[in-house]
Amino acid sequence: MVKSLPVFIGWRYFSAGSRSRLGSFISLLAIAGLTLGITLLIVVLSIMNGFDNEMKTRILASVPHIRLIAQEGIPDWQSVQQKLTRHPNIVSVSPISELDGMLNFRGRVRPITVRGISPADDHVISRFISPELLRSLGSGELLVSQSVAGKIGLEKGDRVTLMMPNADKEPGRLSAPVVQVFSVKGFFATQTTLDQLLVVTSISSVNAILGMPADYPQSLQLQVHDLFNARETGYQLLRMLPSGYSFSDWLQTHGNLYQAIRMSRSMVSLLVFLIIGIAVFNVVSMLVMTVVEKRGAVAILKTLGASNSMIVRIFLFQGACIGVFGSLSGAVLGVLLSLNVTNIAQWLESLLGVRFINSEIYPIDYLPAHLLWQDVMIVIVVALLLNFLATIYPAWRAAKTGPAEVLRSE
């Protein structure tokens, strides 16, 4: 019974609250602050993990990890493909040809990148387009991203004009741009920044504009197993191939974006951890007020034989109850919000008619979330540890209460 007395009294102090309205308000504020801080931290970590996960699985899945380029084209690209796929870090090799231009439809103009692919051999953009639509793509036909189509008012079957600079012009001499008419075959969406400029057609259509043989792709796009070994893999591949090739990797095109996402995760997490720290200060204030309010009860306990260590354990247990209740309630709310934050954001967008995430500004056009249970456990453990440290001083102050002085003034 004696061993359970600190637990019993600490629980009574926690569950009964304070006799004063101010004390009750501060107690509620302390628990609510701790709960809100943990909820926010779990949600923020889930969203930043979501961006990091989407960066790897969607954004980088829609662009080449490595691009091997030959300015004169690759005549026997199938044999090069077979040679490259023998490298242990290579997942797939696909031929592409690309050019930049302007898409014109009834006076509405949009800058675009035209990607020429081989529908049967593409392993990148084909993840976002149905195989039936790709197989039916013929010469002189375009697949347009839904974002580009919406901005210039395209519908399936429309004929559009593609304008590109003339690559054959002599230096210092003005020449008319190359103009080509295409038919819109269909639409696609990657839900990334590619949707703001990408249209897809066959390699033969792009090569006809570039003045290259129809079956000579301009470059090969490679997907790799180890993203962070892409550059070293690129150098290894160059040593396997004859001269005339160069390469670019995803670190050149999207490396800054990846680093920005990682840095943002660290900075936002630090800021929200500070919110939890502020909430812990409220716990200190609440316990100090409790000690002041319970001075008479502490003095009586000490006259009945309670030791200083027992008084310390009473208030440590009360603080632990606050920490456990606030941490668990915050964790539950944080997990529930993290699992539904994408749907909640979409619902708010439809309700308010506002786009929170736009692929013209952000790398994707929706709010992702990826809950990691180890993050939840780390947040709870850190919150409990900070809360425990916050209860030491008020508990020590309670143990220093002099019963004679307190009872004389009562």
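This section reports on the structure supplied with the text. Source: prediction; values computed, not measured.

The rules behind the values
Residues numbered from 1 in each chain as written. Predicted model: local features only at pLDDT ≥ 70, side-chain atom pairs only at ≥ 80, totals over all residues. Heavy atoms only, no water. Helix = DSSP H or I, 4+ residues; strand = E, 2+ residues; numbered from the N terminus. Contact = heavy atoms within 4.5 Å. Phe/Tyr/Trp six-rings, centres within 6.5 Å; stacked < 30°, edge-to-face > 60°. Salt bridge = Lys/Arg side-chain N within 4 Å of Asp/Glu carboxyl O. Buried < 20%, exposed > 50% of the residue type's maximum accessible area, 1.4 Å probe, protein only. Patch = residues over 30% accessible without salt bridge, like charges linked within 9 Å, V, L, I, M, F, W, Y side chains within 5 Å. Areas by Shrake-Rupley, 256 points an atom, 1.4 Å probe, with all protein chains shown as cover. Core = buried A, V, L, I, M, F, W, Y, C linked by side-chain atoms within 4.5 Å. Pairing = 2+ DSSP bridges.

**Quick word on the overall build of the protein**
Thinking step 1. Regarding its fold elements, the protein presents 12 helices and 9 strands.
Thinking step 2. The long-range share in the protein, meaning contacts at least 24 apart out of those at least 6 apart in sequence, stands at 81%.

**With respect to the packing of aromatic side chains**
Thinking step 1. By the definition in use, this model includes 2 aromatic pairs.
Thinking step 2. A centroid spacing of 5.9 Å and a plane angle of 75° characterise the contact between Phe228 and Trp250, whose relative ring orientation is edge-to-face. Placement of the pair is Phe228 in the loop between β8 (219–224) and α7 (230–240) and Trp250 in helix α8 (residues 250–293), with a sequence separation of 22 residues.
Thinking step 3. Measuring from centroid to centroid gives 5.1 Å for Tyr235 and Phe247, while their planes differ by 90°, and the two rings are edge-to-face. Of the two residues, Tyr235 is situated in helix α7 and Phe247 in strand β9 (residues 246–249); the sequence distance between them amounts to 12 residues.

**Side note on the pattern of salt bridges**
Thinking step 1. A complete count under the given rule lists 6 salt bridges for this structure.
Thinking step 2. Here Glu54 and Arg58 are joined by a salt bridge, their closest N and O atoms 3.4 Å apart. Taken together, the residues Glu54 and Arg58, both in helix α2 (residues 21–59) and 4 residues apart, mark about one turn of the helix.
Thinking step 3. Two residues, Arg239 and Glu232, come together in a salt bridge whose shortest N-O distance is 3.9 Å.
Thinking step 4. Given a relative accessible area of 62%, Arg239 falls into the exposed group.
Thinking step 5. Relative accessible area serves as the criterion here: at 37%, Glu232 is assigned to the partly exposed category.
Thinking step 6. Within the structure, one salt-bridge network assembled from shared partners comprises Arg67, Glu98 and Arg115.

**With respect to a nonpolar patch on the surface**
Thinking step 1. A cluster of nonpolar residues, Trp347, Leu351, Leu352, Val354 and Phe356, forms a patch on the protein surface that exposes about 520 Å² of accessible area.
Thinking step 2. Relative to the helices and strands, Trp347 is located in helix α10 (residues 308–352).

**Remarks on unusual backbone geometry**
Thinking step 1. Positive phi, close to 55°, is recorded for Arg106, a residue that is not glycine.
Thinking step 2. For Arg106, the position within the fold is in the loop between β2 (90–105) and β3 (108–117).
Thinking step 3. Taking relative accessible area as the criterion, Arg106 reaches 69% and is therefore assigned exposed.
Thinking step 4. Phi angles above zero are rare outside glycine, and Gln191 is one such case at about 60°.

**Here's the deal with the nonpolar core**
Thinking step 1. Of all hydrophobic cores here, the largest spans 47 residues; its most connected members are Leu68, Leu84, Ile125, Leu143, Val200, Leu220 and Leu222.
Thinking step 2. In terms of residue count, the dominant contributor to this core is α2 (5 residues).
Thinking step 3. If near-sequence neighbours (up to four positions away) are discounted, Val200 is found in contact with Arg115, Ile117, Ile125, Leu137, Glu141, Leu142, Leu143 and Phe188.

**Some words on the pairing of β8**
Thinking step 1. The buried fraction of β8 amounts to 6 of the 6 residues, a majority that puts the element mostly inside the structure.
Thinking step 2. Both faces of β8 are covered, namely the face carrying Ser219, Gln221 and Gln223 and the face carrying Leu220, Leu222 and Val224.
Thinking step 3. Of the strand pairs in this sheet, strand β1 (residues 66–69) and β8 are connected by 4 bridges, and their pairing is antiparallel. Following the sheet pairing, Ile69 is matched in β8 by Ser219.

**Some thoughts on the environment of Leu237**
Thinking step 1. As for its position among the elements, Leu237 is in helix α7.
Thinking step 2. Classification of Leu237 as buried rests on a relative accessible area of 0%.
Thinking step 3. Put simply, Leu237 and Leu84 are 153 residues apart on the chain and 7.1 Å apart in space, counted from C-alpha to C-alpha.
Thinking step 4. Excluding residues that lie within four positions of it along the chain, Leu237 makes contacts with Leu68, Leu84, His87, Ile90 and Leu222.

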